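Summary of the model geometry
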Amino acid sequence: MAEEIATISHQPSAISHQPSAISHRTNAHWNNLKHSPLITIQTPVYNRRSTIKRAIDSVQAQTFRDIEYIIVDDGSDPEQAIDDIVDEFMKTTDLPVMFIKKPNGGVHTARNAAVREARGKFITGVDSDDELTPDSCQTNIDAWESIPEDKRHLYRGVMSMVRDQTGKLEGELFPEGVNSMKWEDVRAFELKQKCDHHDLVRAEILKANLLPEPEGVKFVGEGLLWMKLVMEYKAWCINTIGHIAHLEGNDHLSKDRKWNLQRCRDSMWGKMYVLNNPEIYGKGFVKYVADVMRYHMTAEVLKKVDPEFVKRYPLSGLKNKIWSAILYIPAKLASKIIMPRLLRKG
């Protein structure tokens, strides 16, 4: 029997294909749920009509069933709309589902929208071109429950492994006895890997640490959040694969992004945020100098076309101001030589 779908409607824009406001659609299982689910799974979507069903099917296939699912369409183009796919899923699934549609603001705003609506004790995610392993939620919950109850407040959640569609593991397995090691050593190992892990995170932590949504910026990497969380919380680490990343094709959020003026804005703001928060993101002298250079290279490009954006996001602190003065001329020269080439290539 088909289920009813509750809709909070919005008026479409007269001059744009983008929705003019956020809308929420929920199925009967969402509306009638009498308790908070243990896990919320979230998927942000932008122009991924051809792959979204893979992610949805992997959520439906979870062996652990105390879950809800939130899909957020971040202003996809009309020909990439997924309403029919999601509506059919919402009518046939036995899972509580919410479908959010919003104007395009970048994947970070879509993730924030899901986190705000999440009712689960834990939040995890699957990208719109990826999939979860069938036992992903069950394995992660089992791992969480293996943590002594009086120690759980020290942990943000559980971190498991990721492989690609060919079976290749991303990074290295965690060392034997990893959860008995000092967290400083585990953290150093994790950061050295420079690869994705699959995370199940306490919802209260994510709700208190939403990604920034700066005006004019369309891409804020999750790395800004995870770097902060690894400094404040431990993670219980397991060598079980919980996530399959599909790397075929060239449409990926943080890989192969073409250089254009929007990427200049995103890059300049990102370097500003890192440089203005050295207690979290300080990574050594060479990285620091490179970040100052990148900030000023992109700022020089934007001064000509979007000076208000540059004024809105200055570097702060004495150290940043001193090194900005030292590197100003090299950065200005680099912006004239390197950035035009990148922009033409993009």
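It should be noted that the structure appears before, not after, this text.
Analysis parameters
- Residues numbered from 1 in each chain as written.
- Predicted model: local features only at pLDDT ≥ 70, side-chain atom pairs only at ≥ 80, totals over all residues.
- Heavy atoms only, no water.
- Helix = DSSP H or I, 4+ residues; strand = E, 2+ residues; numbered from the N terminus.
- Buried < 20%, exposed > 50% of the residue type's maximum accessible area, 1.4 Å probe, protein only.
- Phe/Tyr/Trp six-rings, centres within 6.5 Å; stacked < 30°, edge-to-face > 60°.
- Arc of directions from axis to C-beta.
- Contact = heavy atoms within 4.5 Å.
- Axes fitted to C-alpha atoms, helices over the stretch in contact; angles between N-to-C directions.
- Parallel < 35°, antiparallel > 145°, perpendicular 65-115°, else oblique.
- Left-handed = near helix turned anticlockwise from the far one by under 90°.
- Nonpolar A, V, L, I, M, F, W, Y, C, P; charged D, E, K, R; others polar.
- Salt bridge = Lys/Arg side-chain N within 4 Å of Asp/Glu carboxyl O.
- Pairing = 2+ DSSP bridges.
- Core = buried A, V, L, I, M, F, W, Y, C linked by side-chain atoms within 4.5 Å.
- Polar contact = N/O pair within 3.5 Å; in protein donor to acceptor, adjacent residues only side chain to side chain.

**Regarding the overall build of the chain**
Regarding its fold elements, the chain presents 13 helices and 10 strands. The buried share among the 346 residues of the chain stands at 49%.

**With respect to the packing of aromatic side chains**
Overall, the coordinates contain 8 aromatic pairs when judged by the stated rule. Relative to Trp236, the ring of Tyr155 has its centre 5.7 Å away and its plane inclined at 65°; by these criteria the two rings are edge-to-face. Residue Tyr155 is located in strand E8 (residues 155-164), and its partner Trp236 is located in strand E10 (residues 234-245); the two are separated by 81 residues in the primary sequence. Assessed through its relative accessible area of 7%, Tyr155 is described here as buried. We classify Trp236 as buried; its relative accessible area is 16%. Seen in terms of ring centroids, Tyr273 and Tyr281 are 6.0 Å apart; in terms of plane orientation they differ by 55°. Their pairing is tilted. For Tyr281, a relative accessible area of 8% puts it in the buried group.

**Examining helix H6 (residues 183-193)**
Regarding H6, the residues found buried are Trp183, Val186, Arg187, Phe189, Glu190 and Gln193. Looking down the long axis of H6, one finds its buried residues gathered within 160° of arc, a one-sided arrangement. Looking at the buried side of H6, the elements it contacts are E8, helix H8 (223-232) and E10. After H6 finishes, the residue Lys194 shows a positive phi value of roughly 50°.

**Some details on unusual backbone geometry**
The backbone of Asn47 shows a phi angle near 55°, a positive value even though the residue is not glycine. With respect to the helices and strands, the residue Asn47 is situated in the loop between strand E3 (39-45) and helix H2 (52-60). The exposure class of Asn47 is buried, given its relative accessible area of 19%. Here Lys194, not a glycine, exhibits a phi torsion of approximately 50°, which is positive. As for its placement among the helices and strands, Lys194 is situated in the loop between H6 and strand E9 (198-202).

**Looking at the packing of H6 against H8**
Contact geometry for H6 and H8: axes closest at 10 Å, N-to-C directions at 160°. What the angle tells us is that H6 and H8 run roughly antiparallel. Every pair of crossing elements has a handedness; the one defined by H6 and H8 is right-handed. In contact with Trp183, Arg187, Glu190 and Leu191 of H6, H8 contributes Met227, Val230 and Met231. Partitioned by chemical class, the residues of the contact of H6 with H8 number 5 nonpolar, no polar and 2 charged.

**Focus on the pattern of salt bridges**
Counted by the stated rule, this structure contains 22 salt bridges. Between Lys303 and Glu300 there is a salt bridge whose closest N-O contact spans 2.9 Å. Linking Lys303 with Glu300, this pair stays in helix H11 (residues 285-305), spanning 3 residues, or about one helical turn. Assessed through its relative accessible area of 39%, Lys303 is described here as partly exposed. Each of the salt bridges in this network shares a partner with another, and the network as a whole consists of Arg25, Asp83, Asp87 and Lys101.

**A look at the pairing of strand E2 (residues 23-27)**
Burial runs high along E2: 5 of the 5 residues are buried. With burial as the criterion, each face of E2 is covered, one bearing Ser23, Arg25 and Asn27 and the other bearing His24 and Thr26. In terms of strand pairing, E2 meets strand E5 (residues 97-102) through 4 bridges, oriented antiparallel. Within the sheet, the bridge partner assigned to Arg25 lies in E5 and is Phe99.

**Re the nonpolar core**
Grouped together as the largest cluster of nonpolar side chains are 58 residues, with contacts concentrated most on Ile70, Val72, Phe174, Leu206, Met268, Trp269 and Phe309. Per-element accounting of this core gives the leading share, 9 residues, to H11. Grouped together as the second largest cluster of nonpolar side chains are 32 residues, Val59, Phe89, Leu95 and Val126 included.

**Examining the side chain of Ser136**
As for its position among the elements, Ser136 is in helix H5 (residues 136-145). Side-chain polar atoms of Ser136 contact the side chain of His198, separated by 3.5 Å. When near neighbours in sequence (up to four residues on either side) are disregarded, Ser136 contacts Gln62, His198 and Gly242.

**Remarks on the packing of helix H9 (residues 261-275) against H11**
For the pair H9 and H11, the least separation of the axes is 8 Å and the interaxial angle reads 140°. One finds that H9 runs oblique with respect to H11. Handedness of the crossing formed by H9 with H11: left-handed. Contacts from Leu261, Cys264, Arg265, Ser267, Met268, Lys271, Met272, Val274 and Leu275 of H9 reach H11 at Lys287, Tyr288, Asp291, Val292, Arg294, Tyr295, Thr298, Ala299, Val301, Leu302 and Val305.

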